[in-house]
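An overview of the molecular structure
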Amino acid sequence: MAALAVVVIAFCARAPGVQAQSLEVSAERLMTDVRVLAADDMEGRGFGQPGGDRARDYVRAGFEQAGLIALEAGWLRPFTARGTAGENIIGVVRGTVAPDQWIVVTAHYDHEGVQDGQIFNGADDNASGTAALIEMARLLRQQPPRHSVMFVALDGEEAGLLGARAFVADSPVPLESIVLNMNLDMVSRGDNDILWVVGTRLYPALAPVIEALPQQSGVERRFGYDDPAVRGRNNWVNLSDQAAFHARGVPFVFFSVDDHTDYHRPTDDADLIDPSWYRGAVQIAWDTLVAVDGMDNPQFRTSPASRRAGTKP
């Protein structure tokens, strides 16, 4: 396993167990990043394609400008899967109280590229989650975490969760030190006003943490799509990058919206996003990060049998 070496940023720590007041997510900053990532010149951010490389460079610069620190090996962790080279982007902030415990926040930055001459811009899927990573990283500059936080923009999700699988196969930190994976994939198009929170049936200790969060105006926070007895598109546990973490026993929570009429179509453009709703959805994710970070010793792991059954251990 690769060694982790980062520059430790000295911050004044909160007292253990003290919950910090949550900062406000900026709709303007989110939309600025989404519009760049979902612009035509990104050519749909195809895996292994020039547009994906341009998106990678934008996200890496965004991480650095937000105040994140690179690993010793740099911002990028290359991998090859199915004959195609990809790169995950990683930036970190070391915790002030429990630096050896990690919250890993993920979103995939790739999309479908160009097909039959049409650009699949993927504003919701998943420029929205990628922009949320950058925004939450900005907020951590103002509100330093007690636990270490790793932001990972993953490549190759659309080709089969390739970046996530590469990450867990060669994690820069021990997987047992990751207290939570928080994954964001499609978090801006609340056409039915619902933001789904997936994973609490498998990791039930997460439910009261999220239930206690403030409600966001116009955003219905709903739990579901994680019943092990359900198969197919009505079970989202294995449909995005959190699946790679879950398979290795790392607890996760997944934020997403229902499929909409522009899902995986060339019409998934930034102009269809309601900035206010999008801001509220990302605020819920940020508040979750703050709440988990505020816990003295977050323990969400369950036994393998409990995870398969979706029951309490």
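Residues numbered from 1 in each chain as written. Predicted model: local features only at pLDDT ≥ 70, side-chain atom pairs only at ≥ 80, totals over all residues. Heavy atoms only, no water.

Right, let's talk about the sheet that holds strand 3 (residues 98-108) for a bit. Spatially, eight strands are ordered 1-2-6-3-7-10-8-9 in an open sheet, and the strand pairing comes out mixed. Of all the strands in the sheet, the pair left with one neighbour each is strand 1 (76-81) and strand 9 (220-223). Pairwise comparison of adjacent strand axes, ignoring direction, gives a mean angle of 20° for this sheet. Here strand 8 (residues 194-198) runs beside strand 9; their pairing, made up of four bridges, is parallel. Paired with V197 across the two strands is F223, which belongs to strand 9. Sitting on the sheet, helix 3 (residues 123-142) touches strand 2 (84-93), strand 3, strand 6 (147-154) and strand 7 (178-184), and the angle it makes with strand 3 is about 150°. Together, strand 3, strand 6, strand 7, strand 8, strand 9 and strand 10 (252-256) form the strand contacts of helix 7 (residues 275-293), whose direction differs from that of strand 7 by roughly 180°. (Pairing = 2+ DSSP bridges. Helix = DSSP H or I, 4+ residues; strand = E, 2+ residues; numbered from the N terminus. Axes fitted to C-alpha atoms, helices over the stretch in contact; angles between N-to-C directions. Contact = heavy atoms within 4.5 Å.)

This brings us to the pairing of strand 7. The buried fraction of strand 7 is high, at seven of seven residues. Strand direction decides the pairing type here: strand 3 and strand 7, joined by five bridges, are parallel. Bridging across to strand 7, V105 finds its partner in M182. Bridging between strand 7 and strand 10 involves four bridges; their strand directions are parallel. (Buried < 20%, exposed > 50% of the residue type's maximum accessible area, 1.4 Å probe, protein only.)

Membership of the largest hydrophobic core comes to 72 residues, with the highest contact counts inside it found for F63, V105, M136, F151, L195, F255 and Y278. Once residues within four sequence positions are removed from consideration, L195 is found in contact with V187, V219, E220, R221, R222, F255, S256, V257, W277, A281 and I284. Membership of the second largest hydrophobic core comes to 17 residues, among which are L71, V104, V168 and V173. (Core = buried A, V, L, I, M, F, W, Y, C linked by side-chain atoms within 4.5 Å.)

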